[in-house]
Amino acid sequence: MRSHKMLFGLQLGFTLAVCAFLIVPVVLSILAGLTSNYFVGLESGLTLRWVFEVWDGYRDTIFRSIGISLACLLVTLVLGVPTAYVLTRSGSRLSRVVEELLMLPIAVPGLATALALISAYGGMGSFRTSWTFILVGHVLFTLPFMVRSVLAVLASIDLKTLEEGAASLGAGFRQRFFDIVLPNCRNGILAGSLMVVTLSIGEFNLTWLLHTPLTKTLPVGLADAYASLRLEIGSAYTLIFLLMIVPLLLALQAIARPRRKRFIRDDPVPEST
Amino acid sequence: MTRPASTKPLSISLKSCAKTFADGTRVLEPLDLDIHAGETLVLLGPSGCGKTTTLRLIAGLEQPDAGGRVLFDGVDVTAQSIELRNVGMVFQSYALFPNMTVAGNVGYGLRIRKLPAAAQRARVAEMLAMMRIEALADRSIDQLSGGQRQRVALARALAVQPRALLLDEPLTALDAQLRDALRVEINQLLRELGITAIYVTHDQAEAMALGDRIIVMSHGRVAQTGTPREIYHQPASHFVAGFIGTMNRLSGEMGANGFVCAAGIVPWYGGHSAADEILFRPEDVRIAEEGEPADLVGSVAAAFFLGDRTRLFVDVGDRQPLVMESTARCTRGVGEQVRLRVDPQGVLDLSSQRGSL
């Protein structure tokens, strides 16, 4: 009995220690962003001064990041959902190869992808200096996540037979795609969308090489603030980033939760009239 | 009546329809088939015999190899995709749309046809009433049992007043008791509607109960076409004889008084034959009355009490014991000697078909 209690105590302690390991730096960082003088400590008092300073100095990076992530979402939706659909429907060996190739941008370091983009398009001045250059990098990086997420849902339903059923009722390709295919991979599209937005907002590796002084995104601005300004300002910046990203992560969790499958038995003898 | 009397049932013809898959597998040898207006035709056979492929050719889900033609009422529809053929289809997995309610599923074909909303609602209500699932109208598909799904699938296929109804093993996914009940219901429904129906199954009992005609298929070919009675009583080949119901086989040779085998002489009135094997059904054998001469004598190898009757396996010195049925009161035990009579009308000689399927 006693050893049971001790075991439980040990497990609880270990879990709490791991949680603390993960959470304490985040909490300290948030506090640093709200403290008047970090080197004096909390006694110096709490303030929103640093948050406002970030807002004044880096507001444009926040809106640019949101803009790029939404544009990125739009592009990955338009490219990724049909890609996943075609990969599912064809089911050939070639489609397996394409699926693996799509994963490459995740495996290859972001810096390498960025360098490749620069050597390919760097000469096109107006493109190189516009935010769409960063968008291209983000799409390359996030598209696999959208495709994978939709593929997973499509693999779990018998899409071919569903479409055949719709076709037997007279539905043409467009009607089948919008009435049957899209609604039935809704969860995959939602999960993929949140993933894409989250990844795009936080993307640093690629963006750091792709950006120009006029096209800084939030993570690039954050690095900038940490490198050249007071620690409090960098921390306040982190706080703003967390406020943007945590709701997205929570939504992702809510969607990822599998739906409860109900099991319905047949009555042994159906009611008859 | 749920069908306006004006819609005439459809007749369907396949002209030398063969099917070879992309990997070179020939799943269907060139097939000629005429399906009469209003009949229920059952395609029966083991898996891989080409029955589902035949159904999908008729539906328009597969294209026949070059040279094959599909005719609806004499009109060539080979080039038409399934969307344009207006055939109702019920799939083994039902293929109900999980993103729609029961009513949404049943009404989908009407929505595609852009019927006025009021007419759609009326037709959906009519179909739900016909399948007795009115109460389920607003349920989602994952809230339905297998039997309920089956009814929704039927209602959905029939709602658009299809020219023909195609059913691909619709009862396979259900448990035995429900299967029997639904079989009766589908049978009634098809008779009532008078619609041309093509029903694919591997279950011979289902085929017997539902079919006006049965086509038995094997290895991409038609093994036999006929009414259930013809298929059962006059099987054209050993394959059909073995696939439909239970068949007893005895080996021996023709003699002057009948077919001579290890356990006796079976009466044979079929004239001259070089048969070294005869076949007959379990119901054509019975235990001889007291004092009656016996055709065969054997000993009971096993006896199974089935409630309403007793199934006996009788060892007659052949490779396999004879299967026969006796009354429920039969108390013969294993090892006991039994004297048997064989009904000469039930004795078949398929020796001329040897070598065919």
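Residues numbered from 1 in each chain as written. Chains lettered and ligands numbered in written order. Predicted model: local features only at pLDDT ≥ 70, side-chain atom pairs only at ≥ 80, totals over all residues. Heavy atoms only, no water.

## Concerning the sheet that holds strand E6 (residues 87–90) of chain B
Residue and element names in this part refer to chain B.
Line of reasoning, step 1. Strand order in this open sheet of 6 strands is E6-E7-E8-E3-E9-E10, and the pairing throughout is mixed. Among the strands making up the open sheet, the edge pair consists of E6 and strand E10 (221–226). Mean inter-strand twist for the sheet, computed between neighbouring axes without regard to direction, equals 15°.
Line of reasoning, step 2. Looking at chain direction, strand E3 (residues 40–44) and strand E8 (residues 196–201) are connected through 5 bridges and run parallel. Paired with Leu-41 across the two strands is Ile-198, which belongs to E8. (Pairing = 2+ DSSP bridges. Helix = DSSP H or I, 4+ residues; strand = E, 2+ residues; numbered from the N terminus. Axes fitted to C-alpha atoms, helices over the stretch in contact; angles between N-to-C directions.)

## What about the domain arrangement of chain A?
Residue and element names in this part refer to chain A.
Line of reasoning, step 1. Assigned domains of chain A: these are domain 1 (15–47) and domain 2 (61–255).
Line of reasoning, step 2. At the interface, 10 residues of domain 1 touch 9 residues of domain 2.
Line of reasoning, step 3. Interface of domain 1 and domain 2: buried area, both sides summed, is about 680 Å²; carbon and sulfur atoms make up 67% of it.
Line of reasoning, step 4. Summed over the three residues of domain 1 that lose the most area to domain 2, namely Ser-29, Ile-30 and Gly-33, the buried surface amounts to 46% of that side.
Line of reasoning, step 5. Remark: the boundary between domain 1 and domain 2 carries 0 residue pairs in polar contact (both at pLDDT 80 or more).
Line of reasoning, step 6. Here the side of domain 1 that touches domain 2 is composed, by residue class, of 5 nonpolar, 5 polar and no charged. (Domains from an automatic or database assignment. Contact = heavy atoms within 4.5 Å. Buried area = accessible area lost by both parts, 1.4 Å probe. Polar contact = N/O pair within 3.5 Å; in protein donor to acceptor, adjacent residues only side chain to side chain. Nonpolar A, V, L, I, M, F, W, Y, C, P; charged D, E, K, R; others polar.)

## Let's talk about the interface of chain B and chain A
Line of reasoning, step 1. Counting from both sides, the interface comprises 34 residues of chain B and, opposite them, 32 residues of chain A.
Line of reasoning, step 2. Summed over both partners, the interface of chain B with chain A buries about 2600 Å², with 54% contributed by carbon and sulfur atoms.
Line of reasoning, step 3. In this structure, the connection of chain B to chain A is made through 3 salt bridges.
Line of reasoning, step 4. With a closest N to O distance of 3.3 Å, Asp-179 of chain A and Arg-111 of chain B form a salt bridge. (Salt bridge = Lys/Arg side-chain N within 4 Å of Asp/Glu carboxyl O.)

## Here's the deal with the sheet that holds strand E1 (residues 12–20) of chain B
Each strand in a sheet pairs with its neighbour through backbone hydrogen bonds, running either in the same direction (parallel) or in the opposite one (antiparallel).
Residues and elements named next belong to chain B.
Line of reasoning, step 1. Spatially, E2-E1-E4-E5 is the arrangement adopted by the 4 strands of the open sheet, whose pairing is antiparallel. Every interior strand has two partners, whereas the edge strands, strand E2 (26–35) and strand E5 (75–76), have only one.
Line of reasoning, step 2. Relative to E5, strand E4 (residues 69–72) runs antiparallel, the two being bridged by 2 bridges. The partner of Leu-71 across the bridge, within E5, is Asp-76.

## Observations regarding the pairing of strand E11 (residues 248–254) of chain B
Residue and element names in this part refer to chain B.
Line of reasoning, step 1. Taken together, the 4 bridges between E11 and strand E14 (residues 277–280) define a ladder with antiparallel strand orientation. Directly across from Leu-250, in E14, lies its bridge partner Ile-278.
Line of reasoning, step 2. Hairpin geometry of E11 and strand E12 (residues 259–261) is characterised by an intervening segment of 4 residues between the two adjacent antiparallel strands and by a positive phi of about 150° at Gly-258.

## A closer look at the domain arrangement of chain B
Accessible area lost when the parts come together is the quantity often used to give the size of an interface.
Residues and elements named next belong to chain B.
Line of reasoning, step 1. Along its sequence, chain B is organised into domain 1 (12–242) and domain 2 (247–343).
Line of reasoning, step 2. Distance from the C-alpha centre of domain 1 to the C-alpha centre of domain 2: 40 Å.
Line of reasoning, step 3. The interface is formed by 5 residues belonging to domain 1 together with 6 residues belonging to domain 2.
Line of reasoning, step 4. Of the roughly 490 Å² buried where domain 1 meets domain 2, counting both sides, 44% is carbon and sulfur surface.

## Points about the nonpolar core
Line of reasoning, step 1. Ranked by size, the top nonpolar core spans 88 residues in total, and within it Val-106, Tyr-108 and Leu-165 of chain B carry the most contacts.
Line of reasoning, step 2. The element contributing the most residues to this core is helix H5 (residues 146–159) of chain B, with 7 residues.
Line of reasoning, step 3. Beyond its immediate sequence surroundings of up to four residues, Tyr-108 of chain B is in contact with Ala-166, Leu-169, Ala-171, Gln-175, Arg-176, Asp-179 and Ile-180 of chain A together with Phe-97 and Met-100 of chain B.
Line of reasoning, step 4. Counting 54 residues, the second-largest nonpolar core is a separate cluster that includes Leu-73, Leu-87, Ile-134 and Ile-233 of chain A. (Core = buried A, V, L, I, M, F, W, Y, C linked by side-chain atoms within 4.5 Å. Buried < 20%, exposed > 50% of the residue type's maximum accessible area, 1.4 Å probe, protein only.)

## Focus: helix H1 (residues 51–59) of chain B
Residues and elements named next belong to chain B.
Line of reasoning, step 1. Among the 9 residues in H1, 8 count as buried, and that is most of the element.
Line of reasoning, step 2. Regarding H1, the residues found buried are Lys-51, Thr-53, Thr-54, Leu-55, Arg-56, Leu-57, Ile-58 and Ala-59.
Line of reasoning, step 3. Directly beyond the C-terminal end of H1, a positive phi value near 100° is found at Gly-60.

## Overview of the pairing of E2 of chain B
Residues and elements named next belong to chain B.
Line of reasoning, step 1. The pairing of E1 with E2 spans 6 bridges and is antiparallel. Note on E2: the bridge partner recorded for Cys-17 is Leu-31.
Line of reasoning, step 2. Between the end of E1 and the start of E2, which pair antiparallel, lie 5 residues, with Gly-24 showing a positive phi angle near 95°.

## Concerning the packing of aromatic side chains
Line of reasoning, step 1. All told, the structure shown has 10 aromatic pairs over all chains when counted by the stated rule.
Line of reasoning, step 2. An angle of 70° between the planes, with centres 5.9 Å apart, marks the rings of Phe-141 of chain A and Phe-145 of chain A as edge-to-face. Of this pair, Phe-141 of chain A and Phe-145 of chain A both sit in helix H7 (residues 131–156), 4 residues apart, which is roughly one turn of the helix.
Line of reasoning, step 3. On the numbers, 5.7 Å between centres and 85° between planes, the contact of Phe-304 of chain B with Phe-313 of chain B is edge-to-face.
Line of reasoning, step 4. Given a relative accessible area of 45%, Phe-304 of chain B falls into the partly exposed group.
Line of reasoning, step 5. Note on Phe-313 of chain B: relative accessible area 23%, which makes it partly exposed.
Line of reasoning, step 6. Each member of the aromatic cluster is reached from another via a ring pair, and the members are Tyr-85, Phe-173, Phe-177 and Phe-178 of chain A.
Line of reasoning, step 7. It is Arg-156 of chain B that lies over the ring of Phe-97 of chain B; its NZ or CZ is 4.5 Å from the centre.
Line of reasoning, step 8. Here the basic side chain of Arg-281 of chain B rests over the ring of Tyr-232 of chain B, its NZ or CZ set 3.8 Å away from the ring centre. (Phe/Tyr/Trp six-rings, centres within 6.5 Å; stacked < 30°, edge-to-face > 60°. Lys NZ or Arg CZ within 6 Å of the ring centre and 35° of its normal.)

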